[in-house]
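Inside the fold
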Amino acid sequence: MTTTLLLARHGQTVWHAENRYAGVSDIALTDTGRDQAEALGRWTAAHPVDAIVTSPLSRAVATADPACRALSLTPHREPDLRECDFGVLEGRTLAEFAAEDPTAAGAFRADPVAHPFPDAEDPLAAAGRGTAALRRVAAAHPGERVLVVAHNTLLRLVLCRLLSIPPAEYRRVFPRLENAAVSEVRIDGETASLLSLNVPCEP
């Protein structure tokens, strides 16, 4: 039976406003991020879901909170939907890293899976845990609609895995998931289909 997953990246944080990698660092939302979360809540009220699942990181939980309140739903926190650990890039920008180590930064840009940042999580392992988590969610909610609030890099890697796209292409094929925008994926057994990408919650 087909399950519809509505994937949303969390709202803006202080670090993301400056294009800094947050990863597993637990960074709070900005005022803009909280406004984006409220917009997602209004969108969800107009497009109801049966369940809400979030990453355990506070920026994802806070982004999902208005939707939970709108529909009187209790969110399920899924540890395997946490963002990738970016190692030495946590709290830094890619430009700062490139100024320090242009060779490593160039290798990352050429193939971010074969050449992740030093001390970072293996991107293939992250893709595996995230994909398994979404498949568990789909299996637990057959025929239902589920809002999933998680993270930019993890969700892009998972989309590649679900859609049989080489994970090394995630930065090219999916340059960015917008904050609190919705991407619709349908999962039917082993088959996954992408119906929409980066749909804004409000004009």
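Above: the structure in question.
All values derive from a computational prediction rather than experimental measurement.

1. Digging into helix α2 (residues 31-46)
With 16 residues, α2 should cover 22 Å at 1.5 Å per step; its first-to-last C-alpha distance of 23 Å lies within 8% of that length. Three or more residues of α2 are buried, namely Gly 33, Ala 37, Ala 39, Leu 40, Gly 41, Trp 43 and Thr 44. Lining the buried residues of α2 we find β1 (3-9), α3 (58-71), β4 (145-150) and β5 (182-188).

2. Regarding the packing of aromatic side chains
Throughout the structure, instances matching the rule amount to four aromatic pairs. With a centroid separation of 5.2 Å and an interplanar angle of 75°, the aromatic rings of Tyr 21 and Phe 117 are classed as edge-to-face. With a gap of 96 residues between them, Tyr 21 in the loop between α1 (14-17) and α2 and Phe 117 in the loop between α5 (102-110) and α6 (123-140) connect regions that are remote in the sequence. Overall, the relative accessible area of 15% leaves Tyr 21 in the buried class. Using a relative accessible area of 4% as the deciding quantity, one classes Phe 117 as buried. Taking the centre distance of 5.6 Å and the plane angle of 80° together, the rings of Phe 97 and Phe 117 count as edge-to-face. Of the two residues, Phe 97 is situated in helix α4 (residues 94-100) and Phe 117 in the loop between α5 and α6; the sequence distance between them amounts to 20 residues. For the pair Phe 97 and Phe 117, one class covers both residues: buried. Pairwise contacts between aromatic rings join Tyr 21, Phe 86, Phe 97, Phe 108 and Phe 117 into one cluster.

3. Quick word on helix α7 (residues 152-162)
Of all eleven residues making up α7, ten are buried, and the element is well covered by its neighbours. Taken together, the buried positions of α7 are Asn 152, Thr 153, Leu 154, Leu 155, Arg 156, Leu 157, Val 158, Leu 159, Cys 160 and Leu 162. On its buried face, α7 is in contact with β1, α6, β4, α8 (170-173), β5 and β6 (191-199). One or two residues past the end of α7 sits Ser 164, with phi positive at roughly 60°.

4. A word on the pattern of salt bridges
All chains considered together, the criterion is met by 14 salt bridges. A salt bridge links Arg 136 to Glu 78; the nearest nitrogen and oxygen atoms lie 3.1 Å apart. Here Glu 78 lies in the loop between β3 (76-77) and α4 and Arg 136 lies in helix α6, a separation of 58 residues in the sequence. For Arg 136, a relative accessible area of 40% puts it in the partly exposed group. Salt bridges here are not isolated pairs; linked through shared partners, they connect Glu 78, Asp 80, Arg 82 and Arg 136.

Parameters at a glance
Residues numbered from 1 in each chain as written. Predicted model: local features only at pLDDT ≥ 70, side-chain atom pairs only at ≥ 80, totals over all residues. Heavy atoms only, no water. Helix = DSSP H or I, 4+ residues; strand = E, 2+ residues; numbered from the N terminus. Expected span 1.5 Å × (residues − 1). Buried < 20%, exposed > 50% of the residue type's maximum accessible area, 1.4 Å probe, protein only. Contact = heavy atoms within 4.5 Å. Phe/Tyr/Trp six-rings, centres within 6.5 Å; stacked < 30°, edge-to-face > 60°. Salt bridge = Lys/Arg side-chain N within 4 Å of Asp/Glu carboxyl O.

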